[in-house]
Amino acid sequence: MHTPEATLTAIVGPMFSGKTEELMRLIKRAQIVKKRVLVIKSPVDQRDEGHVVTRSLDPSQPGTFIVAGKHPAHTVHDALEFRQLVEAHDPDILAIDETQFFGDWLVEEVSALLEERKGSDFQVIIVGLDMDFMRRPFATVAAFLALANEVVKTSAYCFVCLKPANFTQKNGASKERIEADPGKSSKIYEARCRSCHKIPSDQE
Ligand SMILES: [Zn+2]
C-alpha cells in the first residue's frame, strides 16, 4: 500500500547547468495532474520581478541570453512572510529558487513544514548554487543537501574546454560572494571544469 510521505528534493549545480529548467519540468509535470504549486524566491534576486525564469542563448545576438520560460514566483523576505504565504496557498509542491540567497531560517521553516506534513504527499524542491566562485559551499544549500530525500546534481559544459563543469567562474567585477545584478550574469559568470576553474587568489 502506498503510504504518503513528505519529501525534500535538492537540485543543485553551477550556473548554466539547467537547474531552473529542471524545476520547470517538475512543475509542468505536476500541473498536469492539477497539483498546487507555490514558487518562492529571495528579494536578493531582483531579476524578473514576480517570476522565476530560464534563459537560453539569443540566436540573433551571440553571447547574450533571452528569457526562455517563466513561472510566477512570490518574493519572500522572512520566516513570518514565508509561513503566511504557505498557509494562504496550501501548496502540494513548494519550490524555492536561488536558495543560496536565503538565510538559515529557511532550513528551519522547511524542516518544520515537512515534519507537520509528514503523512502527506507534500513535496519541497529547493534549487540553488551549491558553491560560490571560490568553491565554498553555501550554508543554506549545504544544509538542504544533507536533509534531502533526493539530490539532483546538474552539471554544465565548461566554457573553456567543453568538459562537464561543476564550478562557477567569476570574471572580474567585485569579490562579492553573490552578485545578482540584473542581466549581467551571462557576462560575469562562466561554468568551468576543475582543470579550467580559477579561484581568484590563484590569479593574483
Ligand atoms: Zn574546462
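Visitor: Break down helix α1 (residues 19-32) for me, citing the residues and quoting the values.
Guide: Over its 14 residues, α1 extends 21 Å from the first C-alpha to the last, a length consistent with the 20 Å expected when each residue adds 1.5 Å. Those residues of α1 lying buried are Lys19, Thr20, Glu22, Leu23, Met24, Leu26, Ile27 and Ala30. One or two steps after α1, the chain reaches Lys34, where phi turns positive at roughly 60°.

Visitor: Which residues make up the coordination of the zinc ion, and what are the values?
Guide: In this structure, Cys158 (SG), Cys161 (SG), Cys193 (SG) and Cys196 (SG) serve as the protein donors to the zinc ion, at separations of 2.3 to 2.4 Å. For the zinc ion, the four donor atoms in the first shell make angles of 103 to 117° at the metal, a pattern classed as tetrahedral. Between consecutive donors of the zinc ion, the numbers of intervening residues give the motif C-x2-C-x31-C-x2-C. With a relative accessible area of 15%, Cys196 lands in the buried category.

Visitor: Mind laying out the pattern of salt bridges, listing which residues take part and the relevant values?
Guide: Counted by the stated rule, this structure contains nine salt bridges. Notably, a salt bridge pairs Arg25 with Glu22, separated by 3.0 Å at the nearest N-O pair. Residue Arg25 and its partner Glu22 are both found in helix α1; the two are separated by three residues, about one turn of the helix. In this structure Arg25 comes out as partly exposed when scored by relative accessible area, which is 45%. Taking the shortest distance from any N to any O, the salt bridge between Asp132 and Arg136 comes out at 2.8 Å. With a relative accessible area of 3%, Asp132 lands in the buried category. Here the salt bridges share partners, and the residues they tie into one network are Arg36, Asp90, Asp92 and Arg117.

Conventions we followed
- Residues numbered from 1 in each chain as written.
- Predicted model: local features only at pLDDT ≥ 70, side-chain atom pairs only at ≥ 80, totals over all residues.
- Heavy atoms only, no water.
- Helix = DSSP H or I, 4+ residues; strand = E, 2+ residues; numbered from the N terminus.
- Expected span 1.5 Å × (residues − 1).
- Buried < 20%, exposed > 50% of the residue type's maximum accessible area, 1.4 Å probe, protein only.
- Donors = N, O, S within 2.8 Å, 3.2 Å for Na, K, Ca; no water.
- Tetrahedral: all angles 85-135°; square planar, octahedral: opposite > 155°, others 65-115°.
- Salt bridge = Lys/Arg side-chain N within 4 Å of Asp/Glu carboxyl O.

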